[in-house]
Amino acid sequence: MASQAAYAVEKAIGHDTEHIKQDVSSYSGNDGDSSETMLALVWKGKQKVAVETVPKPKILEDDDVILKVTGTTVCGSDLHLLHGAVLQMKPGDILGHEFCGVVEKVGPGVKKVKPGKRYVASFQIACGNCFFCKQKLSSQCEMTNSNTTTKAMYGGRTAGIFGYSHLTGGFAGGQAEYVRVPLGDVNLLEIPDDVPDEKALYLSDVLPTAYNAVKDTAVYPGDTVAIFGAGPIGQMAGWYALKEGAKKIIFVDTHPRLEFVEGRWPADEKDKLVLVDFKTLSFGVTNKETVVSKLKELTDGRGPDVAIECAAGEYAKGWMHWLEMATGAETDTSEILNEMIEGVRNYGRAGITGVYVGYTNHFNIGSLMQRGIRLIGNGQAPVHKYWEELLDRIRKGDLDPGQMVSHRCRMEDLDKVYYKFDAKEDSMQKVFIETKHSFPRAAGTPELTKY
């Protein structure tokens, strides 16, 4: 498989200088405590994950923290790993980049984080001291990912990420009963007693990522905003855009996500919500109605002020992109990007938050240049920039993460959850995964579903 072959090449070439220990993507051998075991969700190959019993993590470096996981979840970007769309995966890698829990152990270099207290982890691993970290741009940390392929592909590296391939450092993830958190003082945020795990968990990724999409692309009062992808990040991006003063939010997706968003949308803001089912429309060069023509129709013929991509680059619509991706001629389709660029008004803004791995073909650079479109890569969201602000909004009651949460499931069923989430079964939007360490279910949150 290409993903595993890419990792073999990286191992043969070797990393640049490592500032923290990397490629601890499971806890086998000397990287774990074989005398104790835990359940974890591991990658087995393309389209195959499994819940397995594996060694428990241990302290490897002075700044490490061992977190007893009390809540985790599945992200839409985890599906890219399931599909084999992300390079440098290895069978046995523990997945998951969104989690919270109670600290069990700390290394001798840890000063702030205390055993027994509750924390949520950022999905990225940051050092706290480099050029980018000092600006709270934690997702671009220069010290936590020494992968040479990343630097060669992108012209620079991003931060290490939990449970998200060796391309991002090869760190074991938090879809497990325990997880090792490197640089714990930097990458853990204490959870106040008045905030349950069912709310705090989502500060790991989805809440800051959606917020960054809106803030970085820039939504102003009176704007019309088109959101491509009505999953959890798209749903929350639409909500944040509403809070920024947008006059109309147009979601582009299909069943069942459009119905889910409509059902959870604020009742007093229904007049600002428009749903567009892309499966009822044509695409490409055609005289039939398309997403682009529909967006123009909804906005006096000009197009939205802003478009935000919250889907990803792996989902091809037409046979040409499907074939080119299948043969390795491109890694990502440009179809949604072109719909955004062509769809927004002249001098409009288009932000990309959905995951794009590498290269794409048939990109409409002509429309971008001629019409003055601002195309903005939102990057992996800098969680550290936003999570304290968003936690404060949760505590004040201004932000309710529960609006996107549809299910509560067990760690034992996590592999089944992956497949159901991928198939969009049971109207699954965002899940809370409980472990044997979880606290009793918080009032008003979904009841447990077993598979």
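Presented here is a report on the structure given in the accompanying data block. Nothing here was measured: the structure is a model prediction, and the numbers come from that model.

1. Thoughts on the pattern of salt bridges
Across all of its chains, the model carries 25 salt bridges by this definition. As a salt-bridge pair, D64 and R180 come within 2.9 Å of each other at their nearest N and O atoms. A residue pair is termed long-range when its members are at least 10 positions apart, and D64 in the loop between β2 (48-57) and β3 (65-72) and R180 in strand β8 (residues 178-181) qualify at 116 residues. Each member of the pair D64 and R180 is classed as buried. Among the salt bridges present, the one from K436 reaches E177, with a minimum N-O distance of 3.9 Å. Pair noted here: K436 is in the segment after β17 (430-434) and E177 is in the loop between β7 (160-161) and β8, with a separation of 259 residues, a long-range link. What emerges from the salt-bridge pattern is a single network uniting E36, K56 and E104.

2. Structural notes on the pairing of β3
Burial runs high along β3: seven of the eight residues are buried. Here β3 runs beside strand β4 (residues 99-106); their pairing, made up of seven bridges, is antiparallel. Residue V69 lies in a different strand from β4, and its bridge partner there is G101. When β3 meets β8, the two strands line up antiparallel, connected through four bridges. Residue K68 lies in a different strand from β8, and its bridge partner there is Y178.

3. Some words on the packing of helix α6 (residues 206-217) against helix α7 (residues 232-243)
Running from N to C, α6 and α7 point in directions that differ by 55°, and their axes come no closer than 8 Å. One element, α6, and the other, α7, form an angle in the oblique class. Where α6 crosses over α7, the two elements pack in a sense that is right-handed. Contact residues: V206, L207, T209, A210, Y211 and V214 in α6; P232, I233, M236, A237, Y240 and A241 in α7. Partitioned by chemical class, the residues of the contact of α6 with α7 number eleven nonpolar, one polar and no charged.

4. Focus: the pairing of strand β11 (residues 248-253)
Counting buried positions along β11 gives five out of six residues, so the element sits mostly inside the fold. Where strand β10 (residues 224-228) lies against β11, five bridges are found, and the strand directions are parallel. Residue pairing for β11: A226 is matched across the bridge by I250. For the crossover from β10 across α7 to β11, the handedness is right-handed. Bridge analysis of β11 against strand β12 (residues 273-277) gives five bridges, and the strand direction is parallel. If you follow F251 over to β12, its bridge partner there is L275. A crossover connection joins β11 to the parallel β12 through helix α8 (residues 257-264); in handedness this β-α-β unit is right-handed.

5. Quick look at the state of the cysteines
By the definition in use, this model includes zero disulfides. The structure places no disulfide on C127, whose sulfur is separated from the nearest cysteine sulfur, that of C141, by 3.6 Å.

6. Details of the sheet that holds β12
One open sheet holds the six strands; their spatial order is β12-β11-β10-β13-β14-β15, and the pairing between them is parallel. Each end of this open sheet is capped by a strand with a single partner; those strands are β12 and β15 (374-377). Averaged over all neighbouring strand pairs, the angle between strand axes comes to 15°, with direction disregarded. Across the sheet, helix α11 (residues 335-343) is in contact with β10, β13 (306-309) and β14 (349-352); its angle to β13 comes to roughly 170°.

Cut-offs and rules
- Residues numbered from 1 in each chain as written.
- Predicted model: local features only at pLDDT ≥ 70, side-chain atom pairs only at ≥ 80, totals over all residues.
- Heavy atoms only, no water.
- Salt bridge = Lys/Arg side-chain N within 4 Å of Asp/Glu carboxyl O.
- Helix = DSSP H or I, 4+ residues; strand = E, 2+ residues; numbered from the N terminus.
- Buried < 20%, exposed > 50% of the residue type's maximum accessible area, 1.4 Å probe, protein only.
- Pairing = 2+ DSSP bridges.
- Axes fitted to C-alpha atoms, helices over the stretch in contact; angles between N-to-C directions.
- Parallel < 35°, antiparallel > 145°, perpendicular 65-115°, else oblique.
- Left-handed = near helix turned anticlockwise from the far one by under 90°.
- Contact = heavy atoms within 4.5 Å.
- Nonpolar A, V, L, I, M, F, W, Y, C, P; charged D, E, K, R; others polar.
- Right-handed = clockwise from strand over helix to strand, strands pointing away.
- Disulfide = S-S within 2.5 Å.

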